[in-house]
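Notes for the structure review
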Amino acid sequence: MKAGSGSFFWNVDIAVSLTFFTILLLGLACIGFFMGRRRATVLADTQSAALHSRPVYHGWYVALACGLPAVVIWITALVVGDQLIESTMIASLPQDIRDASGPVLNRFLADAETLAGGGQPTIEITPELEAAARRFGNLRTLEHWIGFAGALGLGLIGFGLAYRRLSVALRARQPVERALMVVLLLAAALSILTTVGIVFSVLFESIRFFSQVPIFEFLFGLQWSPQIALRSDQVGSSGAFGAVPLFVGTLMVTFIAMLVAAPIGLMSAVYLAEYAHPRFRAGAKPMLEILAGVPTVVYGFFAALVVAPALRDAGASIGLSVASESAVAAGSVMGIMIIPFVSSLADDALAAVPNSLRDASLGLGATQQETITRVVLPAALPGIVAGLLLAVSRAIGETMIVVMAAGLAANLTANPLEAVTTVTVQIVTLLVGDQEFDSAKTLAAFALGLVLFIITLGLNVVALRVVQKYREKVD
Amino acid sequence: MADTTFAIHSGPAAQARLRKRYARERRFKLMCLAALGVAAIFLVVLIGSIVSRGWSGFLVTQMELTVTYSPEMVDASNPADGNFRMIVVEALQKEFPEATDHSSMRALLGLVSNGGFLAVRNAVVDDPSLVGQTVTMWVSAASDIDMLNKGYVDRTAPEELRRVDDQTMAWVDKLEADGRIRTGFNWDFFTTGDSREPELAGIGGAILGSFWMLLVTFLVSFPTGVAAAVYLEEFAPKRRWVDIIEVNINNLAAVPSIVFGLLGLAVFLNLMHLPRSAPLVGGLTLALMTLPTIIITTRAALKGVPPSIREAALGIGASPVQVVSHHVLPLALPRLLTGAIIGMAQALGETAPLLMIGMVAFIVDLPSGPLDAATALPVQIFLWADSPERGFVEKTSAAIMVLLGFLVVMNGIAVFLRQRFEVRW
Amino acid sequence: MVAVTEITASERDASHADAVTIPVDRLPELGGPVKMQTRDLKLWYSDKQALAGINLDVPERQVTAFIGPSGCGKTTFLKCLNRMNDTIEGVRIEGDVTLDGTDVYDRSVDPVQLRARVGMVFQKPNPFPKSIYDNVAYGPRIHGLATNRGDLDAIVESSLQRAGLWNEVKDRLGEMATGMSGGQQQRLCIARTIAVSPEVILMDEPCSALDPISTARVEELIDELRDNYTIVIVTHNLQQAARVSQLTAFFHLGRLIEVNDTAEVFQNPGESMTRDYITGRFG
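Reading the values: the criteria
All residue numbers refer to positions counted from 1 along the written sequence of the respective chain. Each chain is given a letter, starting from A, and each ligand a number, starting from 1, according to the order in which they appear as written. Where totals are concerned, whole chains, interfaces and linings use all residues; where local detail is concerned, this predicted model gives features only for residues with pLDDT of at least 70, and gives and counts side-chain atom pairs only at 80 or more. Excluded from the side-chain calculation are hydrogens and water; included are all heavy atoms of the structure. Strands are runs of DSSP state E lasting at least two residues, helices are runs of H or I lasting at least four, and both sets are numbered from the N terminus onward. Using C-alpha atoms as the atom set, the radius of gyration is obtained and then compared with a globule rule of 2.2 Å times the number of residues to the power 0.38. The buried label goes to any residue with under 20% of its type's maximum accessible area, the exposed label to any with over 50%, and the partly exposed label to all in between, with areas taken from a 1.4 Å probe on protein chains only. In this description, contact between two residues means that some pair of their heavy atoms is separated by no more than 4.5 Å. Accessible surface is estimated by sampling points in the Shrake-Rupley manner with a 1.4 Å probe; for residues, cover comes only from the protein chains shown. Residues counted as positive are Lys and Arg, residues counted as negative are Asp and Glu, and His and the chain ends are not counted. In this description, the location of a charge corresponds to atom NZ of lysine, CZ of arginine, CG of aspartate or CD of glutamate. Put simply, two rings from Phe, Tyr or Trp (the six-membered ring, in Trp's case) pair if the centres are within 6.5 Å, and we call them stacked under 30 degrees between planes, edge-to-face over 60, tilted for the rest. Think of it as a cone above the ring: NZ of Lys or CZ of Arg counts as a charge over the ring if it is within 6 Å of the ring centre and within 35 degrees of the ring normal. Two strands form a pair only when DSSP identifies at least two bridges running between them. Interaxial angle, 0 to 180 degrees, is taken between N-to-C directions of lines fitted to C-alpha atoms, where a helix line uses only the stretch in contact. Salt bridges are identified by distance alone: a Lys or Arg side-chain nitrogen within 4 Å of an Asp or Glu carboxyl oxygen. Under the rule applied, a polar contact is a pair of N or O atoms within 3.5 Å (in protein, one hydrogen donor and one hydrogen acceptor; residues adjacent in sequence only if both atoms are side-chain atoms).

This part takes up the overall build of chain B. The helix and strand inventory of chain B stands at 17 helices and three strands. A globule of 425 residues ought to have a C-alpha radius of gyration of about 22 Å, yet chain B, at 31 Å, is considerably larger. In terms of principal-axis extent, the alpha carbons of chain B reach across some 105 × 75 × 40 Å. Counting the 425 residues in chain B, one finds 52% classified as buried. Summarising the internal contacts of chain B: among those between residues at least 6 apart in sequence, 75% fall at separations of at least 24. If you sum the accessible surface of chain B, you get close to 18600 Å²; carbon and sulfur atoms cover 61% of it. Side chains of chain B give 34 positive and 38 negative charges; the mean places of these two sets differ by 19 Å.

Here you go:
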């Protein structure tokens, strides 16, 4: 707990509160565990009877009985408390603020919270705001103390009940294992929750965006200049949100990347899978893995500082004007990044081709090249195509290389030597450094994110389907 | 029949065809090898261009000053408020007495880095008895001088196109000739935070930020990922929605990282009001991102434990939970850790989601916990790569080398674990 | 060419092997000309010796059967005849294998060309995942045996006819070969081999993956093919060897124990080990 700025009130810091609670919880659970385990051992000794469950389970039994209710009550207290605080705060505000529009009210509340936490509010510090902040701080403190007290109390009750139930015959293992199952299940469900979270977070903001900008205009408009909207008060009416130039730019960069990655990655995989001596393979594979392990920001730096100037100079020397943030620079470096991706997926696809087919072809007197191009590659084709689809999806979603090496201006052009911008670049530019979440400008980023998510998801689903089907067929 | 078949496969026409087929074979094989070669060349050029630009980023140019803390300039009772710029100018004027006019003095000031002034100040703050005395000390040079010393300034270019004018160059040459300029290892680079001055900027803050972030990522994603994998692999009934979880995990693994950034922004910042720019938020976001990787590798590790072990343990009366916790998990642990380290390495190199949640800020202070505003190593690289100053190019490359170093070490540990502890069945 | 230590090893093995493997002077008299011949053929997988100095003559336009327990080296020996062992890592071969008097392991002999003359049918039917037509046309195409579509059609048709498959598939040549039954697939593989016009066809347990009816069809086919091709067949099925072959060779632990007319081997085996194997006492 630290003093707030201006030091006229103090406030529970959520981190401090969380730390305290964790220590409290772990302490309770630990004591419960050890006491439960000891009692079980003692019981077994004194009654010289065999325990139904091993002492460890008795320990866990008690630990869970005092830990679980504590966690539940603490979280409930905070969630319910936050709601209560908000309604109390609103009720206690002066009439003029309460009657203000939603965003203004929310802004006022957020600033009161910031001020209470010792931060710098975005609006001028007025007596009303200070009063609200003080009230907020007090309520927060109360909320956390109630949470602590409730957690401690319930924990102790749980401890007492469970401890008294311990006996030689207690089937402690079953409830403990059931609780463990629930924990495991929740962990597995988190991935679902993540997907749902992604869908909802981009969908909600996108719907808000499409209420300001018609979806048709967004998908088919040829003009992209979101910056205008920021200057105008009438959001959405003057900014241009036609995303076609972004789609075209993304496709162009992706196309260039695949032009580099597909042949090099494929042929590397063919060499490694079909020709290379195992020792050569053992040396060459780590090389590709290093290429795959280089962070994208490094590729971005490489594209912006090495490849782009080199291409510009090379273009100038033969009389071509190459933009310093050309699509070809970003695309080719992205291609390099994707080579190991393509190569490893193609390698898997080639390895899945049964050797009996190679033998059949070689036994007919085919050369190795004929065997590869006429038998192995066609047989591996579904897997290879799926790999290429995944690579395309990866290229479309790649961010850092294009942010650093492609342009910001939304040119609708088919010339790879000019600067283009991409969906991911615009998401970054629209959101970085901007905390205004009501303007069409920031909402547009979520709409672009939705498009990105849908397209990559579609590609992935198709590719994974193909891979799976194909794997079943080969097995 | 025998004769005709003999002609088919051994006659001159067949020989000619065979030669052509073998030529095709050689061409094809060569092309495939060339593709690998091109990939290798890309790697060499990539690493080479970074090392060649970055190695000097670990070095710093210093100059020796003979500083006189005259009482007129520093008050011994309040040494922090001294006129240290003037002290430095006077120290330099001892070397270059001709520089007396206003613009020359300003040029002299330009030789020394802000860090240099700070060093002159700190010396007397630490030891106020220095007032009235003359000491010699090594202070870091300004970025332009650093660049000149490292050979990045084209001395033959016309003066107006150069960052360093003729006068300054002559001064530096004289200092150099007098042995008062040296190049040392830049330890501060690893311990200091970001700075607007390239010669003062360090990656200490970024490394700490990355550390706190990875700590959060690991603490969240490893237990959760292992738990999820154990459930799916060992306990899940083969029901429809388990399949859905599986498909979902595979798809999540291929969702672009920036979309996870949008998720982090919407959920952790806008919904839960966690602090912006905090490693906690970055760590949580990256945890969600690495979760599929960890689940997938853990499942592979669990699959690698032969069923006979499970049957043996079940056969002597262990419950399924005991089988997993006593036998399967310990046996799978090396591969599990390998997967976790590889997941962490991925998270360490990730940049895009962090841009979404505000970790892309100019932060000088070192973060002391996961709730302090911080940046991360790859984001620092991104920020510096955008800086126009020449001095930041080598810093960026040097930071990249450090990042790659961390990744090499992490992957090395993973490979070591895999080879050292892997049990073969 | 070989290191000193290897020579000692091979000498030791050879001296041991010669005592058991059939020496050249004890090979049976063949009725007709010799198509393929091996002399003192030895083979190692890395350090493990799999063949210990095999001497054998393969008669032209007859069926020679290799029998013997699993792992006795008969398939390894078969693969030496068209150098299919070349593709396996760590294989070392010594001795001579000749086709019409030419050493097939000579530097001047090209394995691709050799395999066109000595075709191979594998244990498991392995049609390419292509149409029936393309499977059969594969060999002629790569070897450039047909100059136009008409020639190719003719080769495909005659090969399928010789393999006794034409009537079953002539209306669905464009369908995937992988959709056929196992027996049809194996006959397709034989047709595919015939289409290259080989002189010798090596068959590695061609019926082991087939049902009895399909097996009977393939055995009939082998008998018909004998008129035009020299056939070597590896089989686990002693009845099959007795039914389709004229010459039978018995292998055991990398050695050729006995070779003779099939009737002679089955009715009056010269070695006690052969007798034990044939009567089912081991193997």
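Turning next to the overall build of chain C. The helix and strand tally for chain C stands at eleven helices and ten strands. Computed over its C-alpha atoms, the radius of gyration of chain C comes to 19 Å, within 12% of the 19 Å expected for a compact globule of 283 residues. By principal-axis analysis of the C-alpha atoms, chain C measures approximately 60 × 45 × 30 Å. Out of the 283 residues in chain C, the part that is buried amounts to 55%. Sequence separation of 24 or more characterises 68% of the internal contacts of chain C that already satisfy a separation of 6 or more. Accessible surface for chain C amounts to roughly 11800 Å². Of this, 47% is attributable to carbon and sulfur atoms. When the 29 positive and 39 negative side-chain charges of chain C are each reduced to one mean point, those points stand 4 Å apart.

So, about the packing of aromatic side chains. Residue and element names in this part refer to chain B. All told, the structure shown has 32 aromatic pairs over all chains when counted by the stated rule. Following the ring pairs from residue to residue traces out a cluster consisting of F58, F185, W187, F189, F190, W384 and F392. Against the face of F362 rests R196, its NZ or CZ located 3.6 Å from the ring centre.

All names here are of chain C. The residue D40 is not glycine, and still its phi comes out positive at about 50°. Looking at the element boundaries, D40 is found in strand β1 (residues 34-45). Of note in this structure, D100 is not a glycine but carries a positive phi near 50°. Turning to its location among the elements, D100 is positioned in the loop between β4 (91-99) and β5 (102-103).

Next up on the list: the sheet that holds β4 of chain C. All names here are of chain C. Taken in spatial order, the four strands make up an open sheet running β2-β1-β4-β5, and their pairing is antiparallel. In this open sheet, the two strands that pair with only one neighbour each are β2 (48-59) and β5. Together, β1, β2 and β4 form the strand contacts of helix α2 (residues 74-81), whose direction differs from that of β1 by roughly 120°.

Before going further, it helps to spend a moment on the interface of chain A and chain B. With 77 residues of chain A at the contact, the number on the chain B side is 71 residues. The interface formed by chain A and chain B contains two salt bridges. The salt bridge involving E370 of chain A is made with R24 of chain B; its shortest N-O contact spans 3.9 Å. Between chain A and chain B we count eleven residue pairs in polar contact (both at pLDDT 80 or more) in total. Top element by residues in the side of chain A that touches chain B is helix α6 (residues 173-212) of chain A. It accounts for 17 residues.

Don't take any of this as a statement about function, it's just geometry.
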